[in-house]
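# Chains, contacts and geometry: an overview
One letter stands for each residue in the lines below.
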Amino acid sequence: MRSRNMSVALLATILLLAFGAWVVLFFQGTGTTARVPAATTTAKAPATTAPVAFNPPNLEDAPPKIRDAVLLGYKIMTETKKYAGKYVGNDLACTNCHFDGGRSLNTITLVGVGAAYPLYRSRRDYATDLTLRTQGCFERSMNGTAPAWNSQIMQSLLVYFQWISKGIPIYAQIPWMPFPASLDNKHQPDAAAGATVYGEVCARCHGDNGNGTPIAPALWGDGAYNDGAGIHRIRTFSVFAWRFMPKNAPSLTQEQALDVAAFVREKPRPHFTSTHPDKVEREIALPLGQ
């Protein structure tokens, strides 16, 4: 009787051990499959990210600790000569190119720049942050001098840029940025034809002599941007003119935009004199060694 019981117990033990070994092997195999993809697997599941929406926040909704700086940044953008006059050398304001302080979609908008920078700039031949970019605008488009990075002017602008970029993920694909480099049109710009376009369409706002009026900025002369500004390039001016001019009712053809850009480019304007090298000084060889 005792021998029979021992045999039954031994058989049960063997069966339990066998079952336990099977369980261990099963879960080890299952875990390995779930955690480590096969070496031959190269395809990745497509990323599912929500599209970026153009929805700049209200300035007054900025947190109390930064609200004053945000509001001042907007004032600097829209009334540049009043609030940052010592850095401005012409009659322009930032909002002449960046309508409503850059908060409009129908302009060279600045909504999203806080998420897009730093980025590579060919002018610097290096990665550039928003401070360097903004200083360049003062020196070129405003024909002035660059505010220091730690000045109230610059810091307020940077805070403003960040606030109007609220909700846009860092380095997201932003549909409205960057501003197009050119119209990609094979038409050869004709300054003579551009003179006709200017007289028929542009002069009513910018003045017959291009010196500006109370409703539109100067396009040449002492009150205009200098020859180092990006808008001085035919390709940049033509994109701006075709997309946004006349303001609130753009109607130029691409060919007209290219022609009037060529006409305006030939007009006299301040000369840009650099006070420091454009290029970022390379002290360390790139790419870095491993």
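This text goes with the structure placed above it.
So, here is what we can say about the structure in this document. (Residues numbered from 1 in each chain as written. Predicted model: local features only at pLDDT ≥ 70, side-chain atom pairs only at ≥ 80, totals over all residues. Heavy atoms only, no water.)

## Remarks on the packing of aromatic side chains
This is how it is decided: Within 6.5 Å between ring centres, the rings of Phe, Tyr and Trp (the latter by its six-membered ring) count as paired, and their orientation is classed by plane angle as stacked under 30 degrees, edge-to-face over 60, tilted in between. Secondary structure elements are defined from DSSP: runs of H or I of at least 4 residues count as helices, runs of E of at least 2 residues count as strands, and each element is numbered from the N terminus. With a 1.4 Å probe rolled over the protein chains alone, any residue whose accessible area is under 20% of its type maximum counts as buried; one over 50% counts as exposed, and the rest are partly exposed. We count a charge as sitting over a ring when the NZ of a lysine or the CZ of an arginine lies within 6 Å of the ring centre and within 35 degrees of the ring normal.
Scanning the model with the defined rule gives eleven aromatic pairs in all. With a centroid separation of 6.3 Å and 75 degrees between ring planes, the pair formed by Y87 and F138 is classed as edge-to-face. Within this pair, whereas Y87 is found in the loop between α3 (80–84) and α4 (99–102), its partner F138 is found in helix α6 (residues 130–139), the two being separated by 51 residues in sequence. Take Y87 and F138: they sit in the same class, and that class is buried. Grouped by ring-pair contacts, the aromatic residues F99, F179, F240 and F244 constitute a single cluster. Lying across the ring of F272, R140 places its NZ or CZ 4.1 Å from the centre.

## Concerning the pattern of salt bridges
To keep things clear, this is the line we draw: By convention in these notes, a salt bridge is any Lys or Arg side-chain nitrogen within 4 Å of a carboxyl oxygen on Asp or Glu.
In the structure shown here, the tally under the stated rule is five salt bridges. A salt bridge links K75 to E79; its shortest N-O distance comes to 3.4 Å. Accessibility expressed as a relative area gives 29% for E79, which makes it partly exposed. Here R103 ties to D100 by a salt bridge, and the two come within 3.4 Å at their closest N and O atoms. Since its relative accessible area comes to 32%, D100 is described here as partly exposed.

## Focus on the side chain of S151
Worth spelling out the cut-off: Counted as a polar contact is a pair of N or O atoms within 3.5 Å, where, for protein atoms, one must be capable of donating a hydrogen and the other of accepting one, and residues adjacent in sequence contribute only when both atoms are in side chains.
Along the polypeptide, S151 turns up in the loop between α6 and α7 (152–164). Side-chain polar atoms of S151 contact the backbone nitrogen of M154, separated by 3.2 Å.

## Comments concerning the packing of helix α2 (residues 64–78) against α7
For the record, the criterion: To define axes, lines are fitted to C-alpha atoms, for helices over the stretch in contact only, and angles between the resulting N-to-C directions are given on a 0 to 180 degree scale. Convention used here: angles under 35 degrees read as roughly parallel, angles over 145 as roughly antiparallel, angles from 65 to 115 as roughly perpendicular, and any remaining angle as oblique. When checking whether two residues touch, look at their non-hydrogen atoms; a contact exists if any pair is within 4.5 Å. Polar here means any residue other than Ala, Val, Leu, Ile, Met, Phe, Trp, Tyr, Cys and Pro, which are nonpolar, and Asp, Glu, Lys and Arg, which are charged; Gly is therefore polar.
Running from amino to carboxyl end, α2 crosses α7 at an angle of 100 degrees, the nearest separation of the two axes being 7 Å. One element, α2, and the other, α7, form an angle in the roughly perpendicular class. Residues I66, A69, V70, L72, G73, Y74, I76 and M77 of α2 pack against Q152, I153, S156, L157, V159, Y160, F161 and W163 of α7. Classifying every residue of the contact of α2 with α7 gives 13 nonpolar, three polar and no charged.

## Details of a nonpolar patch on the surface
We apply this condition: Patches were defined on residues exceeding 30% relative accessible area and lacking a salt bridge, with like-charge contacts within 9 Å and nonpolar side-chain contacts (Val, Leu, Ile, Met, Phe, Trp, Tyr) within 5 Å. Using a 1.4 Å probe, the Shrake-Rupley method yields the accessible areas, and only the shown protein chains count as cover for residues.
Taken together, I284, L286 and L288 make up a surface patch of nonpolar side chains, about 320 Å² in accessible area. With respect to the helices and strands, L286 occurs in the segment after α10 (254–265).

## Section: α6
Counting buried positions along α6 gives seven out of ten residues, so the element sits mostly inside the fold. The complete set of buried residues in α6 reads L130, T131, T134, Q135, G136, F138 and E139. Check the buried side of α6 and you find it contacts α3, α5 (113–116), β2 (126–128) and α7. Measuring from the side-chain oxygen of the N-cap residue of α6 to the backbone nitrogen of T131 gives 3.2 Å; that N-cap residue is D129.

## Overview of the nonpolar core
Put simply, the test is: As used in this record, nonpolar core signifies buried Ala, Val, Leu, Ile, Met, Phe, Trp, Tyr and Cys residues forming a set joined through side-chain atoms within 4.5 Å.
In this structure, F138, F161, Y198, F237 and V264 are the most contacted members of the largest nonpolar core, which totals 59 residues. Counting only elements with at least two residues in this core, the list comes to α2, α5, α6, α7, α8 (191–206), α9 (234–244) and α10. Residue contributions to this core peak at eight residues, all from α7.

## Observations concerning α9
Every buried residue of α9 is listed here: T236, F237, S238, V239, F240, A241 and F244. In the core, the buried residues of α9 are packed alongside α4 and α10.

## Remarks on unusual backbone geometry
Look at the link from Y117 to P118: it is a cis peptide, with omega at 0 degrees. By the element assignment, P118 lies in the loop between α5 and β1 (119–121). Its identity is not glycine, yet Y171 carries a phi of approximately 60 degrees, on the positive side. Looking at where Y171 falls in the secondary structure, it is placed in the loop between α7 and α8. The phi torsion at D184 lies on the positive side, around 55 degrees, for a residue other than glycine. With respect to the element layout, D184 can be found in the loop between α7 and α8.

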